[in-house]
Protein chains: 2
Amino acid sequence: MPGEASAPVVILVRPQLGENIGAVARAMMNTGLSELRLVAPRDGWPNPAAWPMASGAEVLLEEAALHENLEVAVGDLNRLYATTARDRDLVKWIATPRQAAADIRAATARGGRVGLLFGAERTGLTSDELAMADTLVTVPLNPDHASLNLAQAVLILGYEWWQAAEAGPALHLHHGGSEPAPLSQLTDFMTRLEHALEEEGFFRTPQQKPHMVRNLQSFFARGRPTEQEIRTLHGVVSALRGLRRKRD
Amino acid sequence: MPGEASAPVVILVRPQLGENIGAVARAMMNTGLSELRLVAPRDGWPNPAAWPMASGAEVLLEEAALHENLEVAVGDLNRLYATTARDRDLVKWIATPRQAAADIRAATARGGRVGLLFGAERTGLTSDELAMADTLVTVPLNPDHASLNLAQAVLILGYEWWQAAEAGPALHLHHGGSEPAPLSQLTDFMTRLEHALEEEGFFRTPQQKPHMVRNLQSFFARGRPTEQEIRTLHGVVSALRGLRRKRD
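The notes below deal with the structure included here. (Residues numbered from 1 in each chain as written. Chains lettered and ligands numbered in written order. Predicted model: local features only at pLDDT ≥ 70, side-chain atom pairs only at ≥ 80, totals over all residues. Heavy atoms only, no water.)

**A short note on the interface of chain B and chain A**
Chain B puts 30 residues into the contact, and the matching count from chain A is 30 residues. Note on chain B versus chain A: buried area summed over both sides is about 2,600 Å², and carbon and sulfur give 53% of it. Together, N30, H145 and Y159 of chain B form the three largest contributors to the area buried by chain B at its contact with chain A, with a combined 26%. At the junction of chain B and chain A, the tally comes to two salt bridges. The interface formed by chain B and chain A holds 16 residue pairs in polar contact (both at pLDDT 80 or more) in total. (Contact = heavy atoms within 4.5 Å. Buried area = accessible area lost by both parts, 1.4 Å probe. Salt bridge = Lys/Arg side-chain N within 4 Å of Asp/Glu carboxyl O. Polar contact = N/O pair within 3.5 Å; in protein donor to acceptor, adjacent residues only side chain to side chain.)

Set out below in structure tokens:
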């Protein structure tokens, strides 16, 4: 039965119009998604403009969680799928909504929690935000006219997720029985790595740093590390920084 | 390549809000559908409220055809798929959008022309209108909250049609190389049959007639008759009415 606790969480980053947030709630309710998180909505929250568009999905608005930044909003999730209409220069897994839905069903069947990330109207997600996701989702559409509004993008992803319930377990990457770690662990690791690199003079100029950090973030997120792997990565950083040498 | 002349025609029956017609045009453009027909739009046509919602799909509004009734609007089409959220008492083929998309691709690959029929906001299609379709399409959604707005319903059907381009030819009913006849031929036959039945006293009371006509229409549309079969059906009616006897 879809619509249960394992359903993906919808995260709207910097949504602008309250009407669109309401329409997203309706599309979520249509497709059995029930948890909405808002990151820094432009007009604050709660926004009365959202309610008339929800058409029966008001409860999702009432229970929506408000966050100031994306890192906190997704810290408890194991995987993050980000929708984007544009090709980016990031090296990422790219999935259609159908492929993503099968993947999500397989992940949640093993107990993982998944987030679907949607950017602001018009501007979408920044490269830094996309870099946090482990998979980018691109909806196959008329390439000359591929722009969907926010609620339509949520509807297509939700519809595919709902449909995938009937398809049964999908092929999935084998993780040796271990799900990717909660994203907060990856964020902590990335923060540590960034500071370490800064201390080591890795970022030649301040101008280069954001781009380099983003590419690193994208690489590590793409690998979908497990908790064990993150421990290993920490060990690698410690080792490389010579902490082991100091202990000798 | 999707988006070509074989794309299904979208037919909106008694649409109410111009804004929704504009949003439908946008969803059509997103998914490579290019021909829009309007049957008796409530606020007349052209309706200036449609244009701001079209977001780049204005050309579809400019080229939209206006019809006074559904029979004329679909007369040149070979198959008609009608969307409905509710179960009806009609005996019909029922398809998901994905099944319908595969079916439509197979039909148009053999040269048939297909229509997608959408009813008015809130009220949907009447039973008489549904009876004209050979297949009903129901979108699998949360059964407690299955109501989509007009543009979202068009988007889902268009999205599946666009996606089906990549899936290759689907299994399909074998018609012996012959497509179902243009619907105008079926309508002519049904009109003749109805008059014949009336003359024969088939409809016991005026109250019963609409229901009985609808069920007959539904039955004949479900069979998707070819031109040869319609000729045969005419022959059957003639025969049953004793025209042959008179010639003897």
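**What about helix α7 (residues 183-199) of chain A?**
The periodicity of an α-helix, 3.6 residues per turn, causes residues three or four places apart in sequence to face the same way. Residues and elements named next belong to chain A. For α7, with 17 residues, the first-to-last C-alpha span of 24 Å sits near the 24 Å given by 1.5 Å per residue. Inspection of α7 places L183, L186, F189, M190, L193, A196 and L197 among the buried residues, and these make up the whole buried set. Along the axis of α7, the buried positions cluster into a sector of 145 degrees, meaning they face one direction only. Exposed and facing more than 90 degrees away from the buried side of α7 are D188 and E199. Positive phi appears at G201, one or two residues downstream of α7, with a value of about 75 degrees. (Helix = DSSP H or I, 4+ residues; strand = E, 2+ residues; numbered from the N terminus. Expected span 1.5 Å × (residues − 1). Buried < 20%, exposed > 50% of the residue type's maximum accessible area, 1.4 Å probe, protein only. Arc of directions from axis to C-beta.)

**Notes on the nonpolar core**
Core analysis: the biggest nonpolar cluster contains 84 residues, and L36 of chain A together with L36 of chain B have the highest contact counts within it. Discounting chain neighbours no more than four positions away, the residues touching L36 of chain B are V10, L12, I21, V24, M28, L60, L61, A64 and A65 of chain B. One finds L77, L125, A196 and F203 of chain B within the second-largest nonpolar core, a separate group that totals 31 residues. (Core = buried A, V, L, I, M, F, W, Y, C linked by side-chain atoms within 4.5 Å.)

**Some words on the pairing of strand β2 (residues 36-39) of chain B**
Across a regular strand the side chains alternate sides, sitting on one face of the sheet and then on the other. Residues and elements named next belong to chain B. In β2, alternate side chains face the same way, and those of L36 and L38 on one face and R37 and V39 on the other are all buried. Here strand β1 (residues 9-13) runs beside β2; their pairing, made up of four bridges, is parallel. Within the sheet, the bridge partner assigned to L12 lies in β2 and is L38. The handedness of the β1 to β2 crossover, carried by helix α1 (residues 18-30), is right-handed. (Pairing = 2+ DSSP bridges. Right-handed = clockwise from strand over helix to strand, strands pointing away.)

**A word on the pattern of salt bridges**
All told, the structure shown has 22 salt bridges over all chains when counted by the stated rule. A salt bridge links R113 of chain A to E35 of chain A, with the shortest nitrogen-to-oxygen separation between them at 3.2 Å. You can see R113 of chain A sitting in the loop between α4 (97-109) and β6 (114-118) and its partner E35 of chain A sitting in the loop between α1 (18-30) and β2 (36-39), a full 78 residues away along the chain. One salt bridge connects D76 of chain B with R37 of chain B, and the closest N-O pair in it is separated by 2.9 Å. A residue pair is termed long-range when its members are at least 10 positions apart, and D76 of chain B in the loop between α3 (70-73) and β4 (79-83) and R37 of chain B in strand β2 qualify at 39 residues. Since its relative accessible area comes to 41%, D76 of chain B is described here as partly exposed. What you see here is one network of salt bridges that share partners, running through E35, R37, D76 and R113 of chain A.

**Here we look at the sheet that holds strand β7 (residues 135-137) of chain B**
All names here are of chain B. If you walk across this open sheet you meet the seven strands as β3-β2-β1-β6-β4-β7-β5, and the pairing is parallel. The open sheet has two edge strands, β3 (65-67) and β5 (93-95), and neither has a second partner. The mean angle between the axes of side-by-side strands here comes to 25 degrees, regardless of whether they run parallel or antiparallel. (Axes fitted to C-alpha atoms, helices over the stretch in contact; angles between N-to-C directions.)

**Observations regarding the layout of surface pockets**
Residue and element names in this part refer to chain B. Considered as a void within the structure, the second largest pocket measures approximately 250 Å³ in volume. If you trace the second largest pocket, you find 17 residues lining it, with E71, M190, E194, V213 and Q217 closest to the centre. No other element matches helix α7 (residues 183-199), which puts six residues into the lining of the second largest pocket. Residue classes in the lining of the second largest pocket are distributed as nine nonpolar, three polar and five charged. (1 Å grid on protein atoms, 1.4 Å probe; cavity = no way out; pocket = protein on both sides within 12 Å on 5 of 7 lines; lining within 4 Å. Points joined across faces, edges and corners; volume = space filled by probe spheres on them. Nonpolar A, V, L, I, M, F, W, Y, C, P; charged D, E, K, R; others polar.)

**Some remarks on the side chain of T135 of chain A**
Residue and element names in this part refer to chain A. Within the secondary structure, T135 is located in strand β7 (residues 135-137). Judged by relative accessible area, which is 2%, T135 ranks as buried. Of the polar contacts made by the side chain of T135, one reaches the side chain of D134; its length is 3.2 Å. Excluding residues within four positions of it along the chain, T135 makes contact with L80, Y81, A82, W93, A95 and R224.

**Considerations on the relation of the copies chain B and chain A**
Of the two same-sequence chains, chain B is brought onto chain A (RMSD 0.1 Å, axial shift 0.0 Å) by a rotation of 180 degrees. Expressed as a symmetry operation, the mapping of one chain copy onto the other fits a two-fold axis. In this assembly, 100% of the residues forming the interface of chain B have copies in chain A that are likewise at the interface, indicating an isologous arrangement. (Least-squares fit on C-alpha atoms with pLDDT ≥ 70 in both.)

**A word on the packing of α1 of chain B against helix α6 (residues 150-164) of chain B**
All names here are of chain B. Interaxial distance between α1 and α6 falls to 8 Å at its minimum, and their mutual angle equals 15 degrees. One element, α1, and the other, α6, form an angle in the roughly parallel class. Between α1 and α6 the crossing geometry is right-handed. Between α1 and α6, the residues in contact are N20, A23, V24, A27, M28 and N30 and L150, A151, V154 and L155, respectively. Looking at the contact of α1 with α6, its residues break down into eight nonpolar, two polar and no charged. (Parallel < 35°, antiparallel > 145°, perpendicular 65-115°, else oblique. Left-handed = near helix turned anticlockwise from the far one by under 90°.)

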